[in-house]
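What the coordinates show
Take a look at the letters that make up each chain.
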Amino acid sequence: MQPSPVALPEMLDARERRAALQRALLERYRLPLVCLSMNIPGAIKRTPCIRLLFDEGLRRFDALGFPLRRRLVLDAATGCEAFLAVHADAGALKAAAVRLEEGFPAARLLDFDVLLPGGEKLSRGEPRRCLLCDRPAAECARSRNHGLAALVQKTQALLHDFAAALLAQDARDALLAELYATPKPGLVDGNNSGAHDDMDLPLFEASAEALLPYFRQAVLHGLSRGGMAALRRAGRAAEEAMFAATRGVNTHKGMVYSMGLLLSGMGRALAEGGDAVAHAAALAREDAEAMLLRARSAPDTNGARVLAAYGARGAQGEAAAGFPHALLALERISFYRAQNAGNPAALALCDLMAVVEDTNLLHRGGPAGLAFAQAAAARIGRLPMEEREAALLALDGEMIARRLSPGGSADLLALGLLLGAWAERSGPLLD
């Protein structure tokens, strides 16, 4: 999606087409018509962030459960529009639409109109408020109280804050979806704490919540096209917040790095187009080799010691290479969902365990521990799908007995879940 300025004649033509389409839909269905468009000042009416907000407004309307007879969605340079013929009372529709427009800060940019079958437009009662001074917007527009540049800047800030909050929630939800996937051999899940005496579900839940502000910050970092040094500074503060929430237990340190990169890549894709994973990998490559060299020469963490001993490059190597195993996780999750498998995330984890050079397994069990886990996962992956969950349960007991935990594979599963959420959102955003 390449944003481009729209001239006044184009906007006037779009307004005429909209009115003609509304008349045709009202005449055909003889039902109240809900029309969603966007209040966007300035000459650019269509960007990925605008479409992201538009889609969220439409999703929230759908969630209200009103029965639809017809849905039509248009996505043009003059703006995103939706037309919904609805079997419902027009007054109830308008009241619900006003609540949506006031539901969160950026929702003020949503414009829900409700038209009666005869073509009359229902009033919203209380007038819309100005984005800058909270007076009635119509008054400020007539008197030109505010310059266009200030309105455009405020609109962009609302859109960026909305995008950051939405994608941060996707990241937090991906962490929780990975956590709740069960069974996960050797890992904390709904059955047990795996090979971890100091971890449980509530601890991981608290950790995921503590990282939410950082995830939002990472998206904004990408939207502003920031570099790796700034993201690392934010990541260090996020690690401190995580350790404070977990009383010093390392639950998600790898996710601070990897998810921060992917979220920044998503923000950059929203800002300028392109592939989010490629943006994230390019950012990682700004300092990955230097950081790996430093870790190898002076190993002071478990990951650094594994790198020095076995050459396993871990999360930094995965990111610099373009997240190949995170993309594999996405592919396997999608495959199992398409097969209507009962436990797509756990099955995808097994596939990852079979091929990933998991640094957590190397740390805990050395090459022999890694080889055991990979061979066991590969055997399970060859079983009929309906037999794999029971085999994973059995492997869980073996991994716990051996004190083995495939934490690197679990991180990649969470990244795959995040990429799945991004894929669902980004189709219309970046076309």
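It should be noted that the structure appears before, not after, this text.
Next up on the list: the overall build of the protein chain. Scanning the protein chain from terminus to terminus reveals 18 helices and 4 strands. Taking the principal axes of the C-alpha coordinates as reference, the protein chain spans close to 75 × 45 × 35 Å. Split into buried and exposed, the 431 residues of the protein chain put 49% on the buried side. The contacts of the protein chain with a sequence gap of at least 6 include a subset with a gap of at least 24, amounting to 70%. Of the accessible surface of the protein chain, which amounts to about 19,100 Å², a share of 52% is contributed by carbon and sulfur atoms. For the protein chain, the distance from the average site of its 49 positive side-chain charges to the average site of its 49 negative ones is 5 Å.

The residue after threonine 182, namely proline 183, is reached through a cis peptide bond having omega 5 degrees. The phi angle at arginine 30 is positive, at roughly 50 degrees, despite the residue not being glycine. Phi is positive for arginine 225, which is not a glycine, with a value near 60 degrees. With respect to the element layout, arginine 225 can be found in the loop between helix H7 (212–223) and helix H8 (228–246).

Overall, the coordinates contain 25 salt bridges when judged by the stated rule. Put simply, arginine 51 and aspartate 55 hold a salt bridge, and the shortest N to O gap is 2.7 Å. In this pair, arginine 51 and aspartate 55 both sit in helix H2 (residues 48–62), 4 residues apart, roughly one turn of the helix. The buried category is assigned to arginine 51, whose relative accessible area is 10%. Arginine 225 serves as the salt-bridge partner of glutamate 272, at 2.9 Å between the closest nitrogen and oxygen. Pair noted here: glutamate 272 is in helix H9 (residues 253–272) and arginine 225 is in the loop between H7 and H8, with a separation of 47 residues, a long-range link. Bridged by salt links that share partners, the residues Glu101, Glu102, Asp111, Arg124 and Arg128 form one connected network.

A few words now on the nonpolar core. Note that soluble globular proteins tend to have their nonpolar side chains buried in a common cluster. The biggest cluster of nonpolar side chains holds 115 residues, and the ones touching the most others in it are Met259 and Leu261. The element contributing the most residues to this core is helix H5 (residues 148–180), with 13 residues. The residues touching leucine 261, leaving out its near neighbours within four places in the chain, are Met228, Leu231, Ala280, Leu283, Ala284, Ala319 and Phe323. Of all hydrophobic cores here, the second largest spans 10 residues; its members include Tyr29, Cys35, Leu72 and Phe83.

Let us look at the sheet that holds strand S3 (residues 79–86). Reading across the sheet, the 4 strands line up as S2-S3-S1-S4 and stay open at both edges, with antiparallel pairing between neighbours. Each edge of the open sheet carries a strand with a single partner, namely strand S2 (68–76) and strand S4 (110–115). Neighbour-to-neighbour, the strand axes of this sheet turn through a mean angle of 15 degrees, independent of strand direction. Where helix H3 (residues 90–101) meets the sheet, it contacts strand S1 (33–38), S3 and S4, and its direction lies at approximately 175 degrees from that of S4.

Right, let's get into the state of the cysteines. Counted by the stated rule, this structure contains 0 disulfides. Free cysteine cysteine 35: the closest other cysteine sulfur is in cysteine 80, separated by 15 Å. Given the relative accessible area of 5%, cysteine 35 is considered buried. Free cysteine: cysteine 49, not disulfide-bonded; nearest cysteine sulfur from cysteine 80 at 12 Å.

Take the packing of helix H6 (residues 201–210) against H8 next. Where H6 meets H8, the axes come as close as 9 Å, and the angle between the chain directions of the two elements is 150 degrees. Viewed along their axes, H6 and H8 adopt a mutual orientation that is roughly antiparallel. Crossing of H6 over H8 shows right-handed handedness. Along its contact with H6, which presents Leu203, Ala206, Ser207 and Ala210, the element H8 presents Ala241, Met242, Ala245 and Thr246. Within the contact of H6 with H8, the residues separate by chemical class into 6 nonpolar, 2 polar and no charged.

Once that is clear, we can look at the pairing of S4. Among the 6 residues of S4, 6 are classified as buried, and the element is accordingly described as predominantly covered. Neither face of S4 is left uncovered, since the one carrying Leu110, Phe112 and Val114 and the one carrying Asp111, Asp113 and Leu115 both have all their residues buried. Both S1 and S4 contribute to a ladder of 6 bridges, which runs antiparallel. In the sheet register, leucine 33 faces S4, and the bridge partner there is leucine 115.

With 15 residues, H2 ought to run about 21 Å at 1.5 Å a step, and its terminal C-alpha atoms sit 21 Å apart, in line with that. Within H2, 11 of the 15 residues are buried, which leaves the element mostly enclosed by the surrounding structure. The complete set of buried residues in H2 reads Pro48, Cys49, Ile50, Arg51, Leu52, Leu53, Phe54, Glu56, Gly57, Leu58 and Phe61.

About the thresholds
Residues numbered from 1 in each chain as written. Predicted model: local features only at pLDDT ≥ 70, side-chain atom pairs only at ≥ 80, totals over all residues. Heavy atoms only, no water. Helix = DSSP H or I, 4+ residues; strand = E, 2+ residues; numbered from the N terminus. Buried < 20%, exposed > 50% of the residue type's maximum accessible area, 1.4 Å probe, protein only. Contact = heavy atoms within 4.5 Å. Areas by Shrake-Rupley, 256 points an atom, 1.4 Å probe, with all protein chains shown as cover. Lys, Arg positive; Asp, Glu negative; His and termini not counted. Charge placed at Lys NZ, Arg CZ, Asp CG, Glu CD. Salt bridge = Lys/Arg side-chain N within 4 Å of Asp/Glu carboxyl O. Core = buried A, V, L, I, M, F, W, Y, C linked by side-chain atoms within 4.5 Å. Pairing = 2+ DSSP bridges. Axes fitted to C-alpha atoms, helices over the stretch in contact; angles between N-to-C directions. Disulfide = S-S within 2.5 Å. Parallel < 35°, antiparallel > 145°, perpendicular 65-115°, else oblique. Left-handed = near helix turned anticlockwise from the far one by under 90°. Nonpolar A, V, L, I, M, F, W, Y, C, P; charged D, E, K, R; others polar. Expected span 1.5 Å × (residues − 1).

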